[in-house]
Amino acid sequence: MEEFDGEPAVTVIPGVNSKKNQMCFDWGPGEMLVCETSFSKKEKSEMVPSCPFIYIIRKDVDVYSQILRKLFNESHGIFLGLQRIDEELTGKSRKSQLVRVSKNYRSVIRACMEEMHQVAIAAKDPASGRQFSSQVSILSAMELIWNLCEILFIEVAPAGHLLLHLLDWVRLHVCEVDSLSADVLGSENPSNHDSFWNLVTILVLQGRLDEARQMLSKEANASPASAGICRIMGDLMRTMPILSPGNTQTLTELELKWQHWHEECEQYLQDSTFATNPHLESLLKIMLGDEAALLEQKELLSNWYHFLVTRLLYSNPTVKPIDLHYYAQSSLDLFLGGESSPEPLDNILLAAFEFDIHQVIKECSIALSNWWFVAHLTDLLDHCKLLQSHNLYFGSNMREFLLLEYASGLFAHPSLWQLGVDYFDYCPKLGRVSLELHIERIPLNTEQKALKVLRICEQRQMTEQVRSICKILAMKAVRNNRLGSALSWSIRAKDAAFATLVSDRFLRDYCERGCFSDLDLIDNLGPAMMLSDRLTFLGKYREFHRMYGEKRFADAASLLLSLMTSRIAPRSFWMTLLTDALPLLEQKQVIFSAEQTYELMQCLEDLMSRRPVRGESDIQQLQDEDIETTKVEMLRLALARNLARAIIREGSLEGS
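Residues numbered from 1 in each chain as written. Predicted model: local features only at pLDDT ≥ 70, side-chain atom pairs only at ≥ 80, totals over all residues. Heavy atoms only, no water.

This part covers the overall build of the protein chain. What the protein chain contains, in helices and strands, is 30 helices and three strands. Taking all 656 residues of the protein chain together, the buried fraction comes to 45%. With the model as given, the accessible surface of the protein chain reaches about 34,800 Å², and the carbon-plus-sulfur share is 52%. (Helix = DSSP H or I, 4+ residues; strand = E, 2+ residues; numbered from the N terminus. Buried < 20%, exposed > 50% of the residue type's maximum accessible area, 1.4 Å probe, protein only. Areas by Shrake-Rupley, 256 points an atom, 1.4 Å probe, with all protein chains shown as cover.)

Here's what the structure looks like:
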């Protein structure tokens, strides 16, 4: 069974009293509708709701942030690039590519954080300013966690180099020292500045010893009495052994040099060399890794992970990755000192130092307000082959589960849903099913959007969804009396019933107006006219008109007769077809043969014999009946004349 961490957070809806009235709600893919019902929890009460509103509760509101949308858009391209990394790459080439992808993700986070920071500064409304500042803090924490995971899980830095990466990590995320340095160095006499020694101490705490030596040289120049001890301290800083990126010395050599240097520092402390200058003596204790001296600088360290890295730098610079969890836990305990409890960020970082990837992902899922971070980080770690053994009990692995959740959140947005499609594509087990369910819920507000959705479905051979979308668009076109568009969509949907309905509308429109609309579409139906009998009739009937217009009377007559005798034409349209035959019957040249004329006469009699018996009729109906009676008489007369002419003509031909 899946373990639970506790009760989920309660969302309070203003104006809703769930204790008094029963609630009504309906789930959606990315949101929920909530309202009060008329039913009280007490049996005897008035059936009147106290809150006449419907509330929409969204689970992922970050997709509606303009700045965070840039994060989603930019990271989408990085995600797709990661999926295309050649699986055959191994060793350093694959590792370097994965590290580059990780740095790209971090650069996107940092760019959004900086933009959000500028917006927070420019915000005129204090509430908006606080909201943006809160988002800056969240983005900063996200980059902090991601950077640490990159060092520990992706780069997998060995002992020695590990500390260099951790120093860069702290320097990047504890950046107040730069503004302090500019402030101190910008003064007329930096060594007399109130924050001079704070600056020197922070530089030492961050391992920026070259910069600290430069600051001490300013103190030596300004105070000749302390020049000697400043020079000694500067020499200690200069000679401190540390593994540089291009250095080829072994860890054993480094440890021996560091031990010798450490003993030299201890000797200076025992000799009270810096007793005359408490600031320098404090620096020496820090460089000796004295925990008490480090904890005295809590305000300058600002957080426990800065304390951890400084402690490692001056006590165990060749720390092995496997020992990090011990130092991390003890540093957290020492720094907090029992005065406060760890924050969610502390727990996440601690889990990372313990190399517990699943706990990192779990804690981030609980602490962060959206799925972007955990989905992309998990996907990257999965490409590093670090999550292969962790499958969830309901059939999908952790990577796919988180990507599905993230993509579902994107589908709640009117434009970001297009990004979600690609995330579903790269979920091999449940991605296609999820995409089918979500794509059916996209509101097709415009034809342009509908075409986008349709193209996506067609590219993925989602036949049912293509048919459903085409039906929806066909129905909208019919409502707007755009028959050509409706017919085109029904053909694309391969919906015979709807194609029949639209064809009937075309024929009715022809009867009322005497001409066809959308001739280009009807003229170019091609094999599509075989979708339904009515559509076939529409196409053939239009072909009859085209033949007649081209004075191909014999072909037109044969086609007209075949439409009636094959019963492909609707019976309600027979009178129109027979009326269309009149001009052909009245031609000087005999068009219909005697046999064809008999068939036309048979069709006319069949039509008249099946006419419904009418009751009392109004004036309009009586007029319509008179017109129809006149048509029938004219048809019978024309058919009789044509039959006589045809018999004479055919007899003459036989006699000759």
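Read on, since the account is not over.
Attention now goes to the packing of helix α4 (residues 161-173) against helix α13 (residues 304-315). Interaxial distance between α4 and α13 falls to 10 Å at its minimum, and their mutual angle equals 145°. As α4 packs across α13, the resulting crossing turns out to be left-handed. Two secondary-structure elements touch here, α4 through Leu163, Leu166, Leu167, Trp169 and Val170 and α13 through Tyr305, His306, Val309, Leu312 and Leu313. For the contact of α4 with α13, the residue count by class is nine nonpolar, one polar and no charged. (Axes fitted to C-alpha atoms, helices over the stretch in contact; angles between N-to-C directions. Left-handed = near helix turned anticlockwise from the far one by under 90°. Contact = heavy atoms within 4.5 Å. Nonpolar A, V, L, I, M, F, W, Y, C, P; charged D, E, K, R; others polar.)

Right, let's talk about the pattern of salt bridges for a bit. A pair can form between side chains of opposite charge whenever their charged atoms are brought close. According to the stated counting rule, one finds 19 salt bridges in the structure shown. Here arginine 213 and aspartate 210 are joined by a salt bridge, their closest N and O atoms 3.2 Å apart. On the criterion of helical spacing, the pair formed by arginine 213 and aspartate 210 is a turn pair, its members being three residues apart in helix α7 (residues 209-222). By relative accessible area, arginine 213 is classed as partly exposed at 29%. Among the ionic pairs, glutamate 291 bridges to arginine 311, the shortest N-O distance being 3.1 Å. Of the two residues, glutamate 291 sits in helix α11 (residues 291-295) while arginine 311 sits in helix α13, which places them 20 residues apart along the sequence. Classification of glutamate 291 as partly exposed rests on a relative accessible area of 32%. Arginine 311 sits in the buried class, given a relative accessible area of 6%. (Salt bridge = Lys/Arg side-chain N within 4 Å of Asp/Glu carboxyl O.)

Our focus in this paragraph is unusual backbone geometry. Residue lysine 385 is not a glycine yet carries a positive backbone phi of 65°. Mapped onto the fold, lysine 385 is located in the loop between α17 (372-383) and α18 (398-410). Located in the positive-phi region is lysine 551, a residue other than glycine, with phi close to 60°. Along the chain, lysine 551 turns up in the loop between α26 (533-549) and α27 (553-565).

Another point: the environment of glycine 207. Mapping glycine 207 onto the fold places it in the loop between α6 (196-205) and α7. Linking glycine 207 and arginine 171, residues 36 residues apart in sequence, is a C-alpha distance of 9.0 Å. When sequence neighbours within four positions are dropped, the list of residues in contact with glycine 207 reads Arg171, Leu313 and Tyr314.

Moving on, we come to the nonpolar core. Of all hydrophobic cores here, the largest spans 188 residues; its most connected members are Leu166, Trp169, Trp304, Phe353, Trp372 and Phe373. A per-element tally of this core places helix α3 (residues 126-155) first, with 12 residues. Not counting the four nearest positions on each side in its chain, phenylalanine 353 is found in contact with Leu148, Leu152, Leu166, Trp169, Trp304, Leu308, Leu324, His325 and Ala328. (Core = buried A, V, L, I, M, F, W, Y, C linked by side-chain atoms within 4.5 Å.)

In this section: helix α14 (residues 324-336). Counted at 1.5 Å a residue, the expected span for α14 with its 13 residues is 18 Å, and the 18 Å between its end C-alpha atoms agrees. Within α14 the residues assigned to the buried category are Leu324, Tyr327, Ala328, Ser330, Ser331, Leu332, Phe335 and Leu336. Of the residues one or two after α14, glycine 337 is the one with positive phi, at around 60°. (Expected span 1.5 Å × (residues − 1).)

Look at α7: 20 Å from first C-alpha to last across 14 residues, which is about the 20 Å you get at 1.5 Å a residue. Listing the buried residues of α7 in full gives Leu209, Ala212, Met215, Leu216, Glu219 and Ala220. Down the axis of α7, the smallest arc covering the buried residues is 150°, so these residues share one side. The outward face of α7, more than 90 degrees from its buried face, is lined by the exposed residues Asp210, Gln214 and Asn221. Those residues of α7 hidden inside the fold are in contact with α5 (176-185), α6, α8 (227-239), α10 (278-287) and α13. (Arc of directions from axis to C-beta.)

Below, the discussion takes up the side chain of serine 102. Within the secondary structure layout, serine 102 lies in helix α2 (residues 91-122). If sequence neighbours within four positions are ignored, serine 102 has contacts with Trp146, Glu150, Ile154 and Leu380.

On inspection of all chains with the given rule, the structure shows 20 aromatic pairs. For the ring pair tryptophan 169 and phenylalanine 353, a centre distance of 6.0 Å and an interplane angle of 75° mean the geometry is edge-to-face. Within this pair, whereas tryptophan 169 is found in helix α4, its partner phenylalanine 353 is found in helix α15 (residues 344-353), the two being separated by 184 residues in sequence. Above the plane of the ring of phenylalanine 335 lies lysine 298, whose end atom (NZ or CZ) is 5.4 Å from the centre. (Phe/Tyr/Trp six-rings, centres within 6.5 Å; stacked < 30°, edge-to-face > 60°. Lys NZ or Arg CZ within 6 Å of the ring centre and 35° of its normal.)

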